[in-house]
Amino acid sequence: MSIGFDLRCRECGKSYGYQPLSICDECFSPLEVVFDKELARGRFTRESIAAGPLNMWRYKALLPVPEDFIPQTPTGLTPLMRAPRLGARIGANNLFIKNDAVCLPTLSFKDRVVGVALDNVEKFGFDTVGCSSTGNLANAVAAQAARQGLKTFILVPADLEPAKILNTQVYGATLVRIDGNYDHVNRLCSQIADRYNWGFVNVNLRPYYAEGSKTFGFEIAEQLGWRLPDSVVCPMAGGSLITKIRKAFKELVALGVVEDKPVKFFGAQATGCSPISQAVKKGSDVIEPQRPNTIARSLAIGNPADGPYASRAIRDSGGWAEDVSDIEIVSAIQELAETEGVFTETAGGVTTAVTARLYAHGRIHPDELTVTCITGNGLKTTDALNGAYEQHAAIRPRLTDFEAYVDEINALRQIHASSEYAFINEAPSFTLANTGANS
Ligand SMILES: *Cc1c(COP(=O)(O)O)cnc(C)c1O
Ligand SMILES: [Zn+2]
């Protein structure tokens, strides 16, 4: 560990070295990976990064992985895209999408955290790994464990989306469905990790897992030409990603890789599970646990482990948090796809709808350079769009039939234009432009 990685208690500062542990045994606060900034200086420069591979392992020097480890999976370095058409719709002149809907290997940002956590497994002597998951983490652990030849136990709430269940089992992982919500699943996983000597990426390996999220922030800065944005809008489940993007920016500043400047952090949740956004709105770091009830299952953590830190980070930065209804989430998924050609899952619907509202409420100025974080792929939550589009009867493969079909469509459009009723296939007839008026 060349730059002196150490596991430290976030509250009392007790040092634990390099081991699989996530809670301080003195004060029961979470542990966090830190490193020696002086040792890191000079080993992590714009030039050294540019010489690295075209994936998140270009930032390996700042990630807690064994020094002799050779990356096997090309995770990360996903597109940072300008979003002018979405921007025009919501009043944003300088909007970017960081698109982890196409992160490899399993199409969500969770591939980043699993990459770092599992690369420590051999060092820690685990032959079996697992996680508690709201879906995407299950997919990421199953895929990367398969590649490393590890045995895998994955615990999920029983009501998970079918695509996320299939996307776990296909890799040969043992999937255990639990009759309960994520918070029940997570508690059980802590007991299992104690009872068996297994590596659970978001339990005893959590500090290493969390560091993987920093690569999302490193990439944003590099892809903006080594500068920081004015604002970041980020979905929140456990509240880890948003705090780690901020940590990534601070590390780049401390290492002299980017210039310091204020960056506002905005958190996004679904109203049906919004413990962190409620705390932010009350000006508090105290999280009141909720019982989740939303289609945004990947964000449905009622008692978020990093909730207090997320709330504090948002408020310290001068940002804000918002939460949106399930109808707004579906509408935002459609609007992002229609304007920018990006099909995101429900979590991305949350982020997009919240971004629209932040502009509508004047929390973000139209000219600010804003990055909105799209963290997962729409093909995993197609059930959210069930009934949204009607399929017409198949026509015969003849030009005359096609012409008749086009005439019919045009006639329907005219009726639609003169009618006050929306088509069923446009339900919910709700657009981002009016999300602001709705809260
Ligand atoms: C897990 C997850 C998040 C949130 O992550 P936290 O670090 O727990 O806040 C956001 N988006 C998607 C798609 C996720 O799977
Ligand atoms: Zn402590």
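See the structure above.
Caption draft 1: The arrangement of the site of ligand 1 in detail. Around ligand 1, the surrounding shell holds 15 residues, and the nearest of these are K110, G238, G239, L241 and T375. Measuring from an oxygen atom of ligand 1, one finds a backbone N or O atom of S240 at 3.3 Å. Between a nitrogen atom of ligand 1 and a side-chain N or O atom of T375, the distance comes to 2.6 Å. Considering ligand 1 on its own, with 390 Å² of exposed area, one finds that the protein chains cover 98% of that surface. Across the shell around ligand 1, the residue classes tally to seven nonpolar, six polar and two charged.

Caption draft 2: Expanded view of the coordination of the zinc ion (ligand 2). Note on the zinc ion (ligand 2): its protein donors are C9 (SG), C12 (SG), C24 (SG) and C27 (SG). The metal-donor distances range over 2.3 Å. For the zinc ion (ligand 2), the four donor atoms in the first shell make angles of 98 to 121° at the metal, a pattern classed as tetrahedral. Mapping the donors of the zinc ion (ligand 2) onto the primary sequence yields the spacing C-x2-C-x11-C-x2-C. Here C9, found in strand β1 (residues 6-9), pairs with C27, found in the loop between β1 and β2 (31-34); they are 18 residues apart in sequence, far enough to count as distant. Its relative accessible area of 4% is what places C9 among the buried residues.

Caption draft 3: Expanded view of helix α14 (residues 326-340). Along its 15 residues, α14 runs 21 Å from first to last C-alpha, staying within 8% of the 21 Å computed at 1.5 Å per residue. Within α14, 11 of the 15 residues are buried, which leaves the element mostly enclosed by the surrounding structure. If you check which residues of α14 are buried, you get E328, I329, V330, S331, A332, I333, Q334, E335, L336, T339 and E340. Where α14 ends, the next residue or the one after it, G341, has phi of about 70°, a positive value.

Caption draft 4: The nonpolar core, seen in detail. If you look at the biggest cluster of nonpolar residues, it comprises 117 residues, and the most contacted ones within it are I154, V201 and V350. With seven residues, the top contributor of residues to this core is helix α15 (residues 346-360). In this structure, I154 is in contact with C131, A138, V141, A142, T168, A173, T174, L175 and V176, ignoring residues within four places of it in sequence. In this structure, L155, I178, C189 and V203 belong to the second largest nonpolar core, which totals nine residues.

Caption draft 5: Quick look at the side chain of S311. Topologically, S311 is positioned in helix α13 (residues 307-316). Relative accessible area serves as the criterion here: at 0%, S311 is assigned to the buried category. When residues no more than four places from it in sequence are discounted, the contact partners of S311 are I276, A279, V280, S284 and D285.

Caption draft 6: Layout of the packing of helix α4 (residues 110-118) against helix α6 (residues 136-148). For the pair α4 and α6, the least separation of the axes is 9 Å and the interaxial angle reads 45°. It follows from the interaxial angle that α4 and α6 lie oblique. Handedness of the crossing formed by α4 with α6: right-handed. Residues K110, D111, V113, V114, G115 and L118 of α4 form the contact with α6, whose own contacting residues are N136, L137, A140, V141, Q144, A145 and Q148. Residue composition of the contact of α4 with α6, by class: seven nonpolar, four polar and two charged.

Caption draft 7: Spotlight on the sheet that holds strand β6 (residues 151-157). Sheet architecture is open: four strands sit in the order β7-β6-β5-β8, paired in parallel fashion. If you trace the sheet from one side to the other, it starts and ends with β7 (174-178) and β8 (199-200), each paired once. Here strand β5 (residues 128-132) runs beside β6; their pairing, made up of five bridges, is parallel. Bridge assignment links C131 to a residue of β6, and that residue is I154.

Caption draft 8: View of the sheet that holds strand β12 (residues 370-374). Taken together, the six strands give an open sheet; going across it, the order is β3-β4-β12-β9-β10-β11, and neighbouring strands pair in mixed fashion. Strands with a single pairing partner mark the edges of an open sheet, and in this sheet they are β3 (80-82) and β11 (320-324). Going from strand to strand, the sheet's axes swing by 25° on average, the running direction of each strand aside. Of the pairings in the sheet, the one linking β3 to strand β4 (residues 95-99) comprises three bridges and is antiparallel in character. What sits directly across from M81, in β4, is I97. Of the strands in this sheet, β4, β9 (231-235), β10 (264-270), β11 and β12 are in contact with α15, which crosses β11 at around 120°.

Caption draft 9: Summary view of the packing of aromatic side chains. Taken as a whole, this structure holds 12 aromatic pairs when the rule is applied. Seen in terms of ring centroids, W198 and F200 are 6.4 Å apart; in terms of plane orientation they differ by 20°. Their pairing is stacked. For the pair W198 and F200, one class covers both residues: buried. Ring pairing ties together the aromatic residues Y18, F124, F126 and Y208, which thus form one cluster.

Caption draft 10: Spatial organisation of the pairing of β11. Across the five residues that make up β11, a large majority, five, are buried. Neither face of β11 is left uncovered, since the one carrying W320, E322 and V324 and the one carrying A321 and D323 both have all their residues buried. When β10 meets β11, the two strands line up parallel, connected through five bridges. When the sheet's bridge partners are listed, F266 is paired in β11 with W320.

Caption draft 11: Broad picture of the pattern of salt bridges. Scanning all chains against the criterion turns up 31 salt bridges. Salt-bridge contacts for E219 lead to K98; the nearest nitrogen and oxygen are separated by 2.7 Å. Of this pair, E219 sits in helix α10 (residues 214-223) while K98 sits in strand β4, placing them 121 residues apart in sequence. No difference in accessibility class separates E219 from K98, as the two residues are buried. Residue E251 pairs with K247 through a salt bridge whose shortest N-O separation is 3.6 Å. With E251 and K247 both in helix α11 (residues 240-254) and four residues apart, this pair spans about one turn of that helix. In this structure, a network of salt bridges that share partners links the residues E32, E211, K214, K244, K247 and E251.

Basis of the calculations
Residues numbered from 1 in each chain as written. Chains lettered and ligands numbered in written order. Predicted model: local features only at pLDDT ≥ 70, side-chain atom pairs only at ≥ 80, totals over all residues. Heavy atoms only, no water. Near = heavy atom within 4 Å. Polar contact = N/O pair within 3.5 Å; in protein donor to acceptor, adjacent residues only side chain to side chain. Areas by Shrake-Rupley, 256 points an atom, 1.4 Å probe, with all protein chains shown as cover. Nonpolar A, V, L, I, M, F, W, Y, C, P; charged D, E, K, R; others polar. Donors = N, O, S within 2.8 Å, 3.2 Å for Na, K, Ca; no water. Tetrahedral: all angles 85-135°; square planar, octahedral: opposite > 155°, others 65-115°. Helix = DSSP H or I, 4+ residues; strand = E, 2+ residues; numbered from the N terminus. Buried < 20%, exposed > 50% of the residue type's maximum accessible area, 1.4 Å probe, protein only. Expected span 1.5 Å × (residues − 1). Core = buried A, V, L, I, M, F, W, Y, C linked by side-chain atoms within 4.5 Å. Contact = heavy atoms within 4.5 Å. Axes fitted to C-alpha atoms, helices over the stretch in contact; angles between N-to-C directions. Parallel < 35°, antiparallel > 145°, perpendicular 65-115°, else oblique. Left-handed = near helix turned anticlockwise from the far one by under 90°. Pairing = 2+ DSSP bridges. Phe/Tyr/Trp six-rings, centres within 6.5 Å; stacked < 30°, edge-to-face > 60°. Salt bridge = Lys/Arg side-chain N within 4 Å of Asp/Glu carboxyl O.

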